[in-house]
Amino acid sequence: MATIGDLTKYLGDPDGPLTAVIEIFPDMVFVVDQEERVLHINTLAARSLGGTPEQFIGRRQGTLFGHPWGERHSLFIQKVFRTGEIVVTETHQELHDTPLWIDARLVPLKAASGEVRAVVGIIRDVSARVQAQEALAEREAYLRAMLDNFPFLVWLKDVQGRFLAVNQAFARACGRERAGNVVGLTDFDVWPKELAQRYVDDDRSVMDTRKQKDVEEIVFAEGASRWFETFKTPVLDRRGNVLGTTGFARDITERQRLDAELRAQREQLRALAAHVESVREEERVRIAREIHDELGQALTCMSMDLGFLDKHLPRGNAEAAARVSALTTLVKETVQMVRRISSELRPSILDDLGLGAAMEWLGHDFATRTGIDCAVSVPSNVSVAAERGTVVFRMCQEALTNVARHAGATHVSIDLMIDADDRLVLDVSDNGRGITDEEVHRPDSLGLLGMRERAALLGGTAEVKGTPGQGTIVTVRVPFEGGKA
Ligand SMILES: Nc1ncnc2c1ncn2[C@@H]1O[C@H](COP(=O)(O)OP(=O)(O)O)[C@@H](O)[C@H]1O
Ligand SMILES: [Mg+2]
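Only a predicted model underlies this, so the values are computations on that prediction, with no experimental measurement involved.

In this section: the coordination of the magnesium ion (ligand 2). The magnesium ion (ligand 2) binds to the protein through Glu398 (OE) and Asn402 (OD1), with metal-donor distances spanning 2.1 to 2.5 Å. Within this pair, glutamate 398 and its partner asparagine 402 are both found in helix 15 (residues 386–407), separated by four residues, close to a single helical turn. Glutamate 398 sits in the partly exposed class, given a relative accessible area of 24%.

Structure, rendered in structure tokens:
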């Protein structure tokens, strides 16, 4: 091994091996003695200082670097001579008006006795690295700001399940002051054991399957239970190796509560509508029966008494005879009127002969009253339970009322059938102007809404579709639950 004595000898030899090594070194290198005179300097360093090695050999380093570099180096060089230890500094400096980041290492060259004979300065321009680091830090700051402003919990874990990064919301959720405090920890450090085990299992499955996983889970923390929606994704490198997992979770407790409330309210409204509907139907039946029975009874009595009067009127009283006759006609008309009103309220045919017959009657009655041609087709051999039959009948009535009021149609078909899925299907189609989508979904289309609600109550659907200029079709589908007669 060469001693330091050799080294200083070699340094003076421009063709020596040490000179060659220092020459090909990618950093600026110079060697100074205790008086800080330059013993050696490589071309790279000399060129950076604006000259050639020969120009600088023998000069004091302070004169090369100028102010204030020279003074600083002088401090460090003297320190190395004093302590015999390496000094490493990273400083921001200007060289020929160019701001640079400089990594300077000052290394002692010692004699066998341990005495420092010379100091080697190795100076590296690390500006590129520092700038890259600064750019990276800046990017990180942006990302941080973004993540910390996220109203979700965000995290990134390595394959071992250690947190590489988390956002502020995550830190808060697990009771840590700062996101940085969570880095390096695992789920077991920040969550209750059971919860942590579940998360670790989830991560495993995400990494094994390499697929995103969405879970809605209930989390009990600090006595309160909260709902979280969590998304976990594996992180892969360019070659497809799993680097870890990333995920975010949002607290959906409030949303869940509102959803449940809304559902409950809807159900209540449905129940209320069903109740109102059945009360209305009962009322109709009662009124129809009373009109029919009581009024009908009274009119029958009147008619009989008028017959009696007609026979027993004293002869020759033409005026009285005419009045009795007019009264008889009026009573007959009133009987018709009572029948019509009561069957409009609740066709007895619905109770007596069932849905099919009632729809045929409805179609006939509709055609007579409106002058719109009406074809009815019903299966002859089905019997629908009374309550279900009434609901379908009322929907048909509503659809026909709409045809009369809005369609401007000349023809309407009513089709009742049982489909392949054993559902009772009612189609009411007209050849009118055709309902628009906007009309179908208008919030004040309460007739249509009522139809949909009634169908839903029976576990079915009601659809309304229009084609401009060609007509409208209402399709009701409900589970049949009847029998074939
Ligand atoms: N057969 C039809 N042809 C054309 N337009 C219709 C038809 N049925 C309903 N509409 C349109 O849809 C709207 C909503 O109907 P509906 O809910 O029954 O309310 P309403 O009959 O009280 O107006 C009607 O106002 C009408 O504009
Ligand atoms: Mg209507």
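Taken together, 15 residues surround ligand 1, and among them Asn402, His406, Asp430, Glu439 and Leu448 come closest. Here an oxygen atom of ligand 1 sits 2.8 Å away from a polar atom, N or O, in the side chain of glutamate 439. For ligand 1, an oxygen atom lies 3.3 Å from a polar atom in the backbone of serine 445. With the chains in place, 86% of the 540 Å² that ligand 1 exposes on its own is no longer accessible. For the shell around ligand 1, the secondary structure elements donating two or more residues are helix 15 and helix 17 (446–457). Element by element, the count of residues in the shell around ligand 1 is highest for helix 15, at five residues. Residue classes in the shell around ligand 1 are distributed as four nonpolar, five polar and six charged.

Attention now moves to the domain arrangement of the protein chain. Per the domain assignment, the segments of the protein chain are domain 1 (4–125), domain 2 (132–251), domain 3 (260–343) and domain 4 (354–484). Using C-alpha coordinates to define each centre, domain 2 is positioned 75 Å away from domain 3.

For a regular strand, side-chain orientation follows a simple rule: the groups alternate between the two sheet faces. Burial runs high along strand 6 (residues 153–158): five of the six residues are buried. Inspection of the sheet shows strand 6 paired to strand 10 (residues 242–251) by six bridges, in the antiparallel sense. By the bridge assignment for strand 10, leucine 153 is matched with alanine 249. Where strand 6 hands over to strand 7 (residues 163–166), the hairpin turn is made up of four residues, of which glycine 161 adopts a positive phi near 85°.

Moving on, we get to a nonpolar patch on the surface. Residues Leu143, Met146 and Phe150 make up a contiguous nonpolar surface patch of about 270 Å² in total accessible area. One can find phenylalanine 150 in the loop between helix 7 (127–149) and strand 6.

As summarised here, the arrangement of the five strands in space is 11-13-14-16-15, forming an open sheet in which the pairing is mixed. Looking at which strands have only one partner, the edges of the open sheet turn out to be strand 11 (373–377) and strand 15 (461–467). Taking the axes of each pair of neighbouring strands and ignoring which way they run, one obtains an average angle of 10° across the sheet. As paired strands, strand 15 and strand 16 (residues 471–479) are joined by seven bridges and run antiparallel to one another. The residue of strand 16 that forms the bridge with valine 464 is valine 474. Its contacts with the sheet put helix 14 (residues 355–370) on strand 11, strand 13 (411–418) and strand 14 (423–430), and the angle it makes with strand 11 is roughly 170°. Helix-sheet contacts for helix 17 involve strand 15 and strand 16, and the interaxial angle to strand 15 is about 145°.

With that settled, consider the pattern of salt bridges. This model, assessed by the stated rule, comprises 36 salt bridges. A salt bridge links glutamate 463 to arginine 477, with the nearest nitrogen and oxygen atoms 3.6 Å apart. Note that glutamate 463 is positioned in strand 15 and arginine 477 in strand 16, a separation of 14 residues in sequence. Three or more residues are tied together by salt bridges with common partners; here these are Glu281, Arg284, Arg346, Asp351 and Arg394.

It is worth spelling out the side chain of arginine 284 at this point. Secondary-structure assignment places arginine 284 in helix 11 (residues 253–312). Judged by its relative accessible area of 16%, arginine 284 falls in the buried class. A distance of 2.9 Å separates polar atoms of two side chains, one belonging to arginine 284 and the other to glutamate 281. Apart from the residues within four sequence positions on either side, arginine 284 is in contact with Leu345, Arg346 and Arg394.

Looking now at the nonpolar core. By size, the foremost hydrophobic cluster in this structure holds 39 residues, and its most contacted members are Leu355, Met359 and Leu426. Broken down by secondary-structure element, the contributors of at least two residues to this core are helix 14, helix 15, strand 13, strand 14, helix 17, strand 15 and strand 16. Here this core gets nine residues from one element, more than from any other, and that element is helix 15. With near-sequence residues (within four places) excluded, methionine 359 lies in contact with Val376, Val378, Phe393, Cys396, Ile414, Leu416 and Leu426. Among the nonpolar cores identified, the runner-up in size contains 23 residues, and Val38, Leu49, Trp69 and Ala104 belong to it.

Thresholds, definitions, all that
- Note that residues are indexed from 1 along each chain, following the sequence as it is written.
- Each chain is given a letter, starting from A, and each ligand a number, starting from 1, according to the order in which they appear as written.
- Owing to the predicted nature of the model, reporting of local features is limited to residues with pLDDT of at least 70; listing and counting of side-chain atom pairs is limited to 80 or more, with chain, interface and lining totals taken over all residues.
- Only hydrogens and water are set aside; all other atoms, that is, all heavy atoms of the structure, feed into the side-chain values.
- Each metal site lists N, O and S donors within 2.8 Å (3.2 Å for Na, K and Ca). With water left out of the atoms, a site can look as if it is missing ligands.
- The helix count covers DSSP runs of H or I at least four residues long, the strand count covers runs of E at least two residues long, and both are numbered beginning at the N terminus.
- Classification of residues uses two cut-offs on accessible area relative to the type maximum, computed with a 1.4 Å probe and protein chains only: under 20% is buried, over 50% is exposed, and between them is partly exposed.
- Near is defined per residue: the residue qualifies when any heavy atom it owns lies within 4 Å of the molecule or strand.
- Polar contacts here mean pairs of N or O atoms no more than 3.5 Å apart (in protein, one a potential hydrogen donor and the other a potential acceptor; neighbouring residues in sequence count only if both atoms are side-chain atoms).
- For the accessible areas, the method is Shrake-Rupley and the probe is 1.4 Å, while residue cover comes only from the protein chains on display.
- The classification used treats Ala, Val, Leu, Ile, Met, Phe, Trp, Tyr, Cys and Pro as nonpolar, Asp, Glu, Lys and Arg as charged, and all other residues, Gly among them, as polar.
- Segment limits for the domains were obtained from an automatic or database-derived domain assignment.
- Whether two strands pair comes down to DSSP finding at least two bridges between them.
- Patch definition: residues with relative accessible area over 30% and no salt bridge; like charges joined within 9 Å; nonpolar side chains (Val, Leu, Ile, Met, Phe, Trp, Tyr) joined within 5 Å.
- The working definition used for a salt bridge is a side-chain nitrogen of Lys or Arg within 4 Å of a carboxyl oxygen of Asp or Glu.
- Comment: axis = line fitted to C-alpha atoms, over the contacting stretch for helices; angle = value between 0 and 180 degrees taken between N-to-C directions.
- Should any heavy atoms of two residues lie within 4.5 Å, those residues are considered in contact.
- To define a nonpolar core, start from buried Ala, Val, Leu, Ile, Met, Phe, Trp, Tyr and Cys residues and group those joined through side-chain atoms within 4.5 Å.

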